Amino acid sequence: MTAKEMKIKTFSLIEEYYPERAELADDQDVIYKINGVINSIMLDLMKYRKIPAKYSCELKENNTSLALSSIPDFYQLNTIPDIEYNVVGNIEIIFNTEDLELPKEITIYYYKYPSLMDLTFEATSTKTKEEVSAEYDESFEIELDLDLQEIMPYGIASDLLKNDMISGYGRYFYERYTELKGLIDSRKTQGMAMISGGIDL
């Protein structure tokens, strides 16, 4: 699902959908907040269905360790096949290369943070800021599992309306979001079987 499709679902849910507008909504406070709120909800839900990824690198005689921060969007280690290793202080991986012929290509299987949305946009010589933002929304793909994407609008709506004390819609959407999260089967992971021995950060 793209960010545009997610915004349409959310704005329709809170009766704020204006398809004729580039921003898809009329409330400027909602328009200003929503990208950041989408990021927060993705970071909340990603823990229920982790996003698998892999990273390849080459071990050499003078380079037998790897900083976790050098792995793109690293969240949690799954496994590294065909080599012994230790994770030190959730900071780096130390590889045991004593019986290996170097250099050696290795593949690290891990779970990643989702790509997050940009929060600000600038006009160009041919497009307004709103048009630039709208094009970005059309191309931005949400990486979470499809089941989680269906839950996201309730979390986004609850955050956007959390200060609405009169209608109570914010509380309703929060309770619905919490209820749906409770039904998630965390044993399902996108396209990858869970392998024991991962390091939980």
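Residues numbered from 1 in each chain as written. Predicted model: local features only at pLDDT ≥ 70, side-chain atom pairs only at ≥ 80, totals over all residues. Heavy atoms only, no water.

S.K.: Which residues make up the pairing of strand E4 (residues 84-88), and what values go with them?
M.R.: Judged from the five bridges that link them, E4 and strand E5 (residues 92-96) form a sheet pairing that is antiparallel. Its bridge partner lying in E5, Asn86 is registered against Ile94. Taken together, E4 and the strand that follows it, E5, pair antiparallel across an intervening segment of three residues, in which Gly89 is found at a positive phi of about 60°. (Pairing = 2+ DSSP bridges. Helix = DSSP H or I, 4+ residues; strand = E, 2+ residues; numbered from the N terminus.)

S.K.: Break down the sheet that holds strand E2 (residues 65-67) for me, with residues and values.
M.R.: Taken in spatial order, the three strands line up as E2-E5-E4 in an open sheet, and their pairing is antiparallel. Sheet topology places E2 and E4 at the edges, where each strand pairs with a single neighbour. On average, each strand axis in the sheet is tilted by 20° relative to the strand beside it, whichever way the strands run. (Axes fitted to C-alpha atoms, helices over the stretch in contact; angles between N-to-C directions.)

S.K.: Give me the lowdown on the packing of helix H2 (residues 28-45) against helix H4 (residues 146-160), citing residues and values where you can.
M.R.: Look at H2 against H4: their axes get within 9 Å of each other, and the N-to-C directions meet at 130°. Taken together, the axes of H2 and H4 lie oblique to each other. Like other packed secondary-structure pairs, H2 and H4 cross with a definite hand, here right-handed. Residues Val30, Lys33, Ile34, Val37, Ile38, Ile41, Met42 and Leu45 of H2 form the contact with H4, whose own contacting residues are Leu148, Ile151, Met152, Gly155, Ile156, Asp159 and Leu160. (Parallel < 35°, antiparallel > 145°, perpendicular 65-115°, else oblique. Left-handed = near helix turned anticlockwise from the far one by under 90°. Contact = heavy atoms within 4.5 Å.)

S.K.: Describe in detail the pattern of salt bridges, supporting the description with residues and values.
M.R.: Working definition: two side chains of opposite charge can pair if their charged atoms are close together. If you walk through the whole model with that rule in mind, you get 17 salt bridges. Here Asp29 and Lys33 are joined by a salt bridge, their closest N and O atoms 3.1 Å apart. Of the two residues, Asp29 and Lys33 both sit in helix H2, four residues apart, roughly one turn of that helix. Taking the relative accessible area as the measure of exposure, Asp29 reaches 40% and is therefore partly exposed. The class for Lys33 is partly exposed, based on a relative accessible area of 31%. With a closest N to O distance of 3.9 Å, Glu58 and Lys60 form a salt bridge. On the accessibility criterion, Glu58 (36% relative accessible area) is partly exposed. Residue Lys60 is classed as partly exposed on the basis of its relative accessible area, which comes to 41%. (Salt bridge = Lys/Arg side-chain N within 4 Å of Asp/Glu carboxyl O. Buried < 20%, exposed > 50% of the residue type's maximum accessible area, 1.4 Å probe, protein only.)

S.K.: Outline the nonpolar core, supporting the account with residue identities and numerical values.
M.R.: Formed by 36 residues in total, the largest nonpolar core has its most connected members in Ile38, Leu45, Leu144, Met152 and Ile156. Going through the elements one at a time, helix H1 (3-13), H2, helix H3 (129-139), H4 and helix H5 (169-182) are the ones with two or more residues in this core. Those residues in contact with Leu45, other than ones at most four positions away along the chain, are Leu144, Leu148, Ile151, Met152, Tyr177, Lys181 and Ile184. With 16 residues, the next largest nonpolar core counts Ala53, Phe74, Ile80 and Ile106 among its residues. (Core = buried A, V, L, I, M, F, W, Y, C linked by side-chain atoms within 4.5 Å.)

S.K.: Hey, could you go over H2 for me, with residue numbers and the actual values?
M.R.: Spanning 18 residues, H2 covers 26 Å between terminal C-alpha atoms, matching the ideal 26 Å at 1.5 Å per step. The largest bend along H2 measures about 45° and falls at Ile34. Elements that come into contact with the buried residues of H2 comprise H1, H4 and H5. The N-capping residue of H2, defined by a side-chain oxygen 2.9 Å from the backbone nitrogen of Asp29, is Asp27. (Expected span 1.5 Å × (residues − 1). Bend = angle between axes of the 7 residues up to and from the residue. Polar contact = N/O pair within 3.5 Å; in protein donor to acceptor, adjacent residues only side chain to side chain.)

Geometric values such as these leave the question of function open.
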